Amino acid sequence: MDKRRELWIDAAKGFSIIFVVMGHSGDAAANHYLSWFRMPLFFLLSGLVFKPTPPQQYAGWAVKRAKGLLTPYFAYGLLIAAGMLLYSLNFTGFLGNIARLLYGGLTLTGPYGVFWFITCLLFTQLLFGYIVRYSRRIQFLLIASAYLLSHIIALTPLKNFNLPWNIDVALLAVTYYAIGYYGKKAIPVLISRLYVLLLLLPLCGFVLWLERRGVISYSLDMKYKVYDALVLDLVLPLLISLTICAAVFQLSKRLPLGFMGRLGRNTIAIMYLHLPLNYSLKFLLGAEYGLIPFTLVGVVLPLLAAKWAGRSPQLSRLYLGRGGSRPAVQYGAARR
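Fair warning: this is a prediction, and the values are worked out from it, not measured in the lab.

1. Considering the packing of helix α3 (residues 38-48) against helix α6 (residues 115-131)
Here is step 1: Remark: α3 packs on α6, axes separated minimally by 12 Å, with the N-to-C direction vectors making an angle of 40°. By the angle class used here, α3 and α6 are oblique. Along this stretch, α3 crosses α6, giving a crossing that reads as right-handed. Contact residues: Met39, Phe42, Phe43 and Ser46 in α3; Trp116, Phe117, Cys120, Leu121 and Thr124 in α6.
Here is step 2: Of the residues that constitute the contact of α3 with α6, the class distribution is seven nonpolar, two polar and no charged.

2. Re the side chain of Asp233
Here is step 1: Assignment of secondary structure puts Asp233 in helix α11 (residues 232-254).
Here is step 2: A polar side-chain atom of Asp233 sits 2.8 Å from a polar atom in the side chain of His151.
Here is step 3: Look past the residues within four positions of Asp233 in its chain and what remains in contact with it is Tyr147, His151, Tyr176, Tyr218, Ser219, Leu220, Tyr227 and Asp228.

3. Observations regarding the UniProt feature "transmembrane region" (unreviewed entry) in the protein chain
Here is step 1: UniProt marks residues 70-89, 109-131, 138-157, 194-210, 230-251 and 291-310 with the feature "transmembrane region" (unreviewed entry), using the numbering shown here.
Here is step 2: Secondary structure content for residues 109-131 is 74% helix and 0% strand, while the C-alpha to C-alpha distance between its ends is 31 Å.
Here is step 3: In residues 138-157, the share of helix is 85% and the share of strand is 0%. The end C-alpha atoms are 29 Å apart.

4. Here we look at the side chain of Ser241
Here is step 1: Examined against the element boundaries, Ser241 turns out to sit in helix α11.
Here is step 2: According to the relative accessible area criterion, Ser241 is buried, its value standing at 1%.
Here is step 3: Of note is the side chain of Ser241, whose polar atom sits 2.7 Å from the backbone oxygen of Pro237.
Here is step 4: With residues near it in sequence (within four places) discarded, Ser241 still touches Phe37, Pro40, Leu41 and Leu44.

5. Description of a nonpolar patch on the surface
Here is step 1: A cluster of nonpolar side chains, namely Leu148, Leu149, Ile152, Leu230, Val231, Leu234 and Val235, defines an oily patch on the protein surface of about 570 Å² accessible area.
Here is step 2: Contributing elements (two or more residues each) for the nonpolar patch: α7 (136-154) and α11.
Here is step 3: No other element matches α7, which puts three residues into the nonpolar patch.
Here is step 4: Among the secondary structure elements, Val235 is positioned in helix α11.
Here is step 5: With relative accessibility at 43%, the residue Val235 sits in the partly exposed group.

6. Re helix α15 (residues 313-320)
Every α-helix carries 3.6 residues per turn, so stepping three or four residues along brings you back to the same face.
Here is step 1: When we look at burial in α15, the residues that qualify are Ser316, Tyr319 and Leu320. In a view along the axis of α15, the buried residues occupy a sector of 95°, so they form one face of it.
Here is step 2: Tucked into the core, α15 has its buried residues touching α4 (58-88), α13 (267-285) and α14 (291-309).
Here is step 3: A positive phi of about 70° marks Gly321, the residue just after α15.

7. Focus: the environment of Ile191
Here is step 1: Structurally, Ile191 is set in helix α9 (residues 186-191).
Here is step 2: A relative accessible area of 0% means that Ile191 is categorised as buried.
Here is step 3: Spatially, the C-alpha atoms of Ile191 and Ala247 are 8.0 Å apart, while their sequence positions differ by 56 residues.

8. What to know about the environment of Ala173
Here is step 1: By the element assignment, Ala173 lies in helix α8 (residues 170-182).
Here is step 2: The contact partners of Ala173, leaving out residues within four places of it in the chain, are Phe43, Cys120, Thr124 and Met222.

9. Quick word on the packing of α3 against α8
Here is step 1: Contact geometry of α3 with α8 gives a least axis separation of 6 Å together with a crossing angle of 45°. By the angle between their axes, α3 is oblique relative to α8. The handedness of the crossing between α3 and α8 comes out as right-handed. Of the residues in α8, those in contact with Pro40, Phe43, Leu44, Ser46, Gly47 and Leu48 of α3 are Ala173, Tyr176, Tyr177, Ile179, Gly180 and Tyr181.
Here is step 2: The residue makeup of the contact of α3 with α8, split by class, is nine nonpolar, three polar and no charged.

What counts and how
- Residues numbered from 1 in each chain as written.
- Predicted model: local features only at pLDDT ≥ 70, side-chain atom pairs only at ≥ 80, totals over all residues.
- Heavy atoms only, no water.
- Axes fitted to C-alpha atoms, helices over the stretch in contact; angles between N-to-C directions.
- Helix = DSSP H or I, 4+ residues; strand = E, 2+ residues; numbered from the N terminus.
- Parallel < 35°, antiparallel > 145°, perpendicular 65-115°, else oblique.
- Left-handed = near helix turned anticlockwise from the far one by under 90°.
- Contact = heavy atoms within 4.5 Å.
- Nonpolar A, V, L, I, M, F, W, Y, C, P; charged D, E, K, R; others polar.
- Polar contact = N/O pair within 3.5 Å; in protein donor to acceptor, adjacent residues only side chain to side chain.
- UniProt positions renumbered as here; feature names shortened; annotations may be inferred.
- Buried < 20%, exposed > 50% of the residue type's maximum accessible area, 1.4 Å probe, protein only.
- Patch = residues over 30% accessible without salt bridge, like charges linked within 9 Å, V, L, I, M, F, W, Y side chains within 5 Å.
- Areas by Shrake-Rupley, 256 points an atom, 1.4 Å probe, with all protein chains shown as cover.
- Salt bridge = Lys/Arg side-chain N within 4 Å of Asp/Glu carboxyl O.
- Arc of directions from axis to C-beta.

And the structure:
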């Protein structure tokens, strides 16, 4: 991909993590509507930059991916657990938090509320990385089967089984991931046309109008397996995700989005820290606060922490999933 595409992808990830933080602010309306697409968009963007690995190299690649994602998972998890131990001096609670980290899934609540996403992303990548060894026809068949199975689980008592690390949610996530991968050439071409955005925006508005009028009723919560609309779970997240991608692409041609690009390259710190930092601040203040303060705290403070950690190779490996500071990304002009 050219430099401009890299910018819009990074910037789209930056907007995505802001949407995640906003959705956890306690604002019911924000959470309801943002949940329609915030996680599918993350998976789609991840699939967009996925590079297949030859079958003979799959095992080594899988170990590397697991190490890259699970090192920060446990580093942040232990850091949060240690902080709660220092406050409460409850060693039993500390051990309980460690057990929850090891099992994952629906046991992860409170300051650990978003940790499920990392393990789900890992299994999604491992699943898709294995699927792409087959012919394109078999790939489509396996992904369609996974999508159907995910809805069977969500619509039956199987939904109540808390599998470790939200493994079963990867059956749905792999569809969004695959759309990004298969569309890595078509999507940039599509969203580069301004008229596409001008068509997508009214469509999104129409969907919102239908929902507000009660014509449709839609909810999506991947963590808790709330996806029971076989068609809408594909159409609506994809529609809104493409609209956001198109909007960000067009903005990247007209506005300096370097900050959003940096934000998109540091989503890991924001993902892990926005809840514990906000919970801690609310406790210190002894008061609740609204959407905007929650979002600012959840984005700015983790971003500063990531910048500080990036100066140390050791802290970078533990908390940023990389081995030290990296040179600044230079974004070039878009190819025409």
